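Coordinates in review
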Amino acid sequence: MDIFTKFKTLETAFAHLSSISEHNPFGTTIEKMISATIGIINGKETLLFGTNNYLGLSQSDAARHAAADAAMQYGVGTTGSRIANGTYSLHQELEQDLAKFFNRRSCMVFSTGYQATLGMVSTLAGKDDYLFLDADCHASIYDGSRMSQAQIIRFRHNDADDLRKRMRRLGDIPGIKLVVVEGVYSMFGDVIPLKEFAQVKREENAYLMIDEAHSFGIFGEHGRGIAERDQVEADIDFTVGTFSKSLGTVGGYCVSDHPQMDLLRLCTRPYMFTASLPPEVIAATKANLEIIKNHPELMHKLMDNASRFYHALQSAGFLTGPDISSVISVILEDLVQASRFWNRVLELGAYINLSLPPATPDSRPLLRASIAAAHTTEQIDKLVQIYIQAAQDVGVPLKKN
Amino acid sequence: MTETIESVSQTIIETLMENPKVPRNITPDSKIIEDLEFDSLAVMNFVMEIEDKLDVSVPLDRLTDVRTIRDLAEAIISLK
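Residues numbered from 1 in each chain as written. Chains lettered and ligands numbered in written order. Predicted model: local features only at pLDDT ≥ 70, side-chain atom pairs only at ≥ 80, totals over all residues.

Here's the deal with the overall build of chain A
Condition: Secondary structure elements are defined from DSSP: runs of H or I of at least 4 residues count as helices, runs of E of at least 2 residues count as strands, and each element is numbered from the N terminus. Radius of gyration: over C-alpha atoms. The globule rule applied is 2.2 Å multiplied by the number of residues raised to the 0.38 power. Each residue is classified by how many other C-beta atoms fall within 10 Å of its C-beta atom, where C-beta atoms are placed from the backbone; a count of 20 or more means buried, 12 or fewer means exposed, and values in between mean partly exposed. Residue pairs are scored as contacts if the distance between their C-beta atoms, which are placed from the backbone, is within 7 Å.
In terms of helices and strands, chain A carries 14 helices and 14 strands. What you see for chain A is a C-alpha radius of gyration of 21 Å, in line with the 21 Å of a compact globule of 401 residues. Its C-alpha atoms put chain A at 60 × 55 × 55 Å along the principal axes. The buried share of chain A, reckoned over its 401 residues, is 51%. Restricting the contact set of chain A to residue pairs at least 6 apart, pairs at least 24 apart contribute 72%.

Here it is, written out as structure tokens:
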């Protein structure tokens, strides 16, 4: 017995996966980026359909120039925490830009999206409070809940009635209640029925936090996410999100109208005990936020692409998730089949994500494609052809309508 | 109806047996992770089933000390 003995089950599972999978699905290396949608993998030009680069902005010229200028002007790192030497004017400008974009009083910028949710969930919920988490919430939310020491109640995925039932089951509890949900869930790409949750929040006098990581820049007239689309922004107490998807960089944020938000800068450990984002990332994010503000046609192109891909998969007979969003997953039955399918798709020239239990909601493996505004119609159609070919080659049964 | 650790353990075992993948020889002393080969998500999903069957909420932090089916039954009794 040694310190690694506890990883035996993981080691065995990974050895099994390696024995059936020619390429390591968790070790893909992109050797070169050609564009937002094409990279070199294993020496070969490959269509990128697993990069969460929803608006293609990781490659935006405006952001590259802004990053280069910022690096020349400020250097490449802040070498410090936001509460020490790590706040530059750029950080404050980005916080003001984001607060304004969301029409909120204030914004806190974190060094990653993971830290934004981890920090907000763990700090807002105290020891005597109750956290209500959707069963499919992201790992960062569950990790934050453990750090919080609050009482954690999990409710059935996207089921507002189940949340209400679990709240009422507790009776008249004294603690504060904070409900945490996501706009779009990252595995199936399914969308929350947010109006129903806002209703429960009002009835039960709870606070509501939404993670718009996969919906910011994609849903709502201005791209503010599902809360904007469903016209319930007034019911949202805290919106968290990430820069590493539609904004194309790295980092996270929380926006809110609560006047005490600045207090959280002094007690949120994942905000305080880490270095702030480097100037070039902040400058690039600011530039890309301007693009999202001024180019709503990117959102429309993305949704056209997603819709085209989703309907083509359905008519080919693949089992997909329930909604059309920037994430479109095909659900398979077992690991061997999923692994062979993923490898075949890569060989045929496209990179997608292989998601395996327990990271998937219902113990089935998923092939997860992220669709971008930058994809051409031809690239979408090509991916559909690759899926159909791969299904034939590895024997995935398709259900003909 | 008063529930005892034994009766709650029995309900838990019956619920587990509805899943054909679970070994048939489980007892109140079976360890949930090791003996049933449940991953973290499977444990949370199964606790949700039990919560609804027994109309009780088990905060997730209470599960940190739970190793066996009997431990879970004890935690549930203490919450009722």
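Quick word on the nonpolar core
Put simply, the rule is: To define a nonpolar core, we join buried Ala, Val, Leu, Ile, Met, Phe, Trp, Tyr and Cys residues through C-beta atoms within 7 Å and take the resulting set.
Counting 119 residues, the largest nonpolar core has Leu131, Val180, Phe197, Tyr253 and Leu302 of chain A as the members making the most contacts within it. The biggest single contributor to this core is helix H11 (residues 279–294) of chain A, with eight residues. Once residues within four sequence positions are removed from consideration, Leu302 of chain A is found in contact with Tyr54, Leu55, Ile218, Ser326, Ile371, Ala372 and Ala373 of chain A. One finds Val8, Val47, Leu54 and Val58 of chain B within the second-largest nonpolar core, a separate group that totals 13 residues.

Structural notes on the domain arrangement of chain A
Residues and elements named next belong to chain A. Just so we agree on the cut-off: Domain delimitation in this document rests on an assignment produced automatically or drawn from a domain database. Gly is placed with the polar residues, together with every amino acid not listed as nonpolar (Ala, Val, Leu, Ile, Met, Phe, Trp, Tyr, Cys and Pro) or charged (Asp, Glu, Lys and Arg).
When cut into domains, chain A gives domain 1 (5–59 + 296–394) and domain 2 (61–294). Taking only C-alpha atoms, the centre of domain 1 and the centre of domain 2 are 26 Å apart. Across the contact, 21 residues belong to domain 1 and 22 residues belong to domain 2. Listed by contribution, the elements that provide at least two residues to the side of domain 1 that touches domain 2 are helix H12 (297–316), strand S11 (327–331) and strand S14 (366–370). It is S11 that contributes the most residues to the side of domain 1 that touches domain 2, three residues altogether. Residue composition of the side of domain 1 that touches domain 2, grouped by class: 10 nonpolar, nine polar and two charged.

A look at the sheet that holds S11 of chain A
Residues and elements named next belong to chain A. Counted only if it meets this: Strand pairing is defined by DSSP finding a minimum of two bridges between the two strands. Axes, fitted as lines to C-alpha atoms, cover a helix only where it is in contact. Angles between the N-to-C directions of the axes lie from 0 to 180 degrees.
Across the sheet, three strands lie side by side as S11-S14-S13; this open sheet has antiparallel pairing. At either end of the open sheet lies a strand with only one pairing partner, and these are S11 and strand S13 (353–355). Recorded for the sheet is a direction-independent mean angle of 30° between the axes of neighbouring strands. Two strands pair when backbone bridges link them, and S13 and S14 are joined in this way by three bridges, in the antiparallel orientation. Among the inter-strand pairings, Ser355 is bridged to a residue of S14, identified as Leu366.

Side note on the UniProt feature "domain: Carrier" (unreviewed entry) in chain B
Defined as follows: UniProt positions are given in the numbering used here, feature names are shortened, and annotations may be inferred rather than shown by experiment.
Under the local residue numbering, the UniProt record ascribes the feature "domain: Carrier" (unreviewed entry) to residues 3–80 of chain B. Taken end to end, residues 3–80 of chain B is 50% helix and 0% strand, and its two terminal C-alpha atoms sit 9 Å from one another.

Digging into the pairing of S11 of chain A
For a regular strand, the rule is simple: side chains alternate between the two faces of the sheet. All names here are of chain A. Burial of S11 is extensive: four of the five residues sit out of reach of the surface. Sheet analysis places S11 next to S14, joined by five bridges and oriented antiparallel. Paired with Ser329 across the strands is Arg368, a residue of S14.

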